Amino acid sequence: MAKITVCIGSSCHLKGSRKVVEELQYLVKTNKLDDDVELGGAFCMGKCGAEGVSVTVNDKYYAVDPAKVTEFFDDVVVKAVNEEKKA
Amino acid sequence: MELYLENGYTSLNKAHEELCGDKVEVAYNGDYTTVVLADGLGSGVKANILATLTSKILCTMVSNGIDLDECVNTIIQTLPVCKERGVAYATFSVVYMNKQGEGYLFEFDNPEAIYITGGKCADFDRKAHDYSGKTVYITELKLKPGDYIVMMSDGVIHAGIGMILNFGWLRKDVKAYLDKAVKPTMSARCVACLLASACNDLYLDSPGDDTTVAAVRVREALHVNIMVGPPVDKTKDDFYVARFMEGPGKKVVCGGTSSTIVARYLGKTIKTDFDFPDKDVPPIGHIDGIDLTTEGVLTLRKLVELSEKYLSTSDLTPKYFTKKDGASLLADILFEQATHVTFFVGQSINAAHQGLPIDITMKLKLVDTISDHLRRMGKVVEVNYD
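Within any chain, residue numbers begin from 1 and follow the written order of that chain's sequence. For this description, chains carry letters from A and ligands carry numbers from 1, given in the order in which they are written. Two thresholds apply to this predicted model, a pLDDT of at least 70 for residue-level local features and 80 or more for giving and counting side-chain atom pairs, whereas whole-chain, interface and lining totals are computed over all residues.

What follows deals with the interface of chain A and chain B. Whether two residues are in contact is decided by their C-beta atoms, placed from the backbone, lying within 7 Å. With 16 residues of chain A at the interface, the matching set in chain B holds 22 residues. For the purposes of this entry, the term helix denotes a DSSP run of H or I that reaches at least four residues, the term strand denotes a run of E that reaches at least two, and both are numbered from the N terminus. Of all the elements in the fold, those that place two or more residues in the side of chain A that touches chain B are α1 (10-15), α2 (17-30) and β2 (37-42) of chain A.

This is the structure:
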């Protein structure tokens, strides 16, 4: 199971973490990945300077642009799930 | 058991009037609190002046322990005489009581105050006394924790008169309403607003008279410690958290970094929620042993908005909080539940926040405003800067 953690701290909230959370929840559902992805939140990850909302996928860090959540989902999340399935 | 006395009031102005002809005045003197509700003759400026004079004089004199006879005499000699009506007149209700619920209630021509005990309305055992030709009713008070005194101007029992109720809102109906609507967790402020708001509804949002409700409640004290932001000296984190965790009462942590420090000290993990009950307020977190964990500056900013509404004596939105976002939960603990609030404010600068509307100056300013508002709500507030 791939673990995705989205930062919901002050800085990321201002950058649009709510949009990222809601879109990820939607995408996980529509792609029927509920059993393969665990979504969670975390307070400040200490990367407030990054351009985008802080997200970790299996502890690997990404800064996600709230306008490009779908791309992030296809490129990173789906890939991580597929890799885990192979393993 | 440490007891505490809280009070609160709400006023409705007669429709199209800028000033209210009712006035509530509160004074604290040692263990005693004095709350005066005065209703001036007529409405508008004239009534406002009469009520202001009456409440201010009575409140100052009674709270300094001066004999009621002298207080009443002073008022009679001071009030300006109305040119049209040829009388100088204002009605009043006065509660003079200590934190243990002992004291006196004086009433002159206002509707009888309602005594809520054990969640049910009752009447006081009033004794008539004659002061300078005026009949003042005196009640010796002995309240238990959880008891309320609800004082009101005649606007309450006249609510809806000639509009939707033939004879206004009868006292027995007011009591029936309070029996049903008052929950034991409600603060005095909350009860006052509840009743005034019901009157406003009966007046169809256009009050035919100035309407004021003032409530006083004896309750158990509740201390709340609230930590906002990490201290400047990182090596002393544990010392500061230990001090924050000291003492009984509730513990609240505001801010991501602060929560991390507290969780580390307690050897617990932070679980964060993933729901957004309010789109402006980030989700809350959970730490075992901490009553509420929220995000910092954005939640506090929302809290200031809520506190302004809570304090406004003309705002009629309910004073209890049912929403589940961080700011509403925090408001419930600080405004409705707490009697004593101690802030532990860390002044450490989050470099990444500089220039954003969430930097340290913003945070300090918010704590300043909130502690000021809490004091105006009658809480005992202490602020520590680390």
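Here the narrative resumes, following the displayed structure.
Next up on the list: the nonpolar core. In this description, a nonpolar core means buried residues of the types Ala, Val, Leu, Ile, Met, Phe, Trp, Tyr and Cys, linked to one another by C-beta atoms lying within 7 Å. Comment: burial labels come from other C-beta atoms within 10 Å of the residue's own C-beta, placed from the backbone, where a count of 20 or more is buried, 12 or fewer is exposed, and between is partly exposed. Of all hydrophobic cores here, the largest spans 65 residues; its most connected members are V150 and V191 of chain B. Here this core gets 10 residues from one element, more than from any other, and that element is helix α4 (residues 188-202) of chain B. With residues near it in sequence (within four places) discarded, V191 of chain B still touches Y148, V150, V182, M186 and A215 of chain B. In this structure, C7, V53 and V69 of chain A together with F244 of chain B belong to the second largest nonpolar core, which totals 63 residues.

Moving on: the domain arrangement of chain B. All names here are of chain B. Structurally, chain B comprises domain 1 (3-220) and domain 2 (223-385). Here domain 1 and domain 2 have C-alpha centroids that lie 35 Å from each other. Each partner contributes to the interface: domain 1 provides 15 residues, whereas domain 2 provides nine residues. Looking at the side of domain 1 that touches domain 2, the elements with two or more residues in it are β1 (3-12) and α4. Ranked by residues supplied to the side of domain 1 that touches domain 2, first place goes to α4 with seven residues. Looking at side-chain class alone, the side of domain 1 that touches domain 2 contains seven nonpolar, six polar and two charged residues. The start and end points of each domain follow an automatic or database-based domain assignment. For this classification, the nonpolar set comprises Ala, Val, Leu, Ile, Met, Phe, Trp, Tyr, Cys and Pro, the charged set comprises Asp, Glu, Lys and Arg, and every other residue, Gly included, is treated as polar.

Let's shift gears to the pairing of strand β17 (residues 340-345) of chain B. Residue and element names in this part refer to chain B. At least two DSSP bridges between two strands are required for those strands to pair. Bridge analysis of strand β12 (residues 223-228) against β17 gives six bridges, and the strand direction is parallel. Of the residues in β17, the one forming a bridge with H223 is H340. The pairing of β17 with strand β18 (residues 380-385) spans six bridges and is parallel. Its bridge partner lying in β18, V345 is registered against Y385.

Bringing helix α5 (residues 237-245) of chain B into the picture now. Structurally, the α-helix is built with 3.6 residues per turn, so residues lying three or four positions apart point the same way. All names here are of chain B. Listing the buried residues of α5 in full gives D237, Y240, V241 and F244. Down the axis of α5, the sector holding all buried residues measures 95°, keeping them to one side. For α5, exposure combined with an orientation more than 90 degrees from the buried face picks out D238 and A242. In this structure, the buried side of α5 is in contact with β12, α6 (256-266) and β17. The first or second residue beyond α5 is G247, which carries a positive phi of 80°. Directions drawn from the helix axis to the C-beta atoms are what define this arc.

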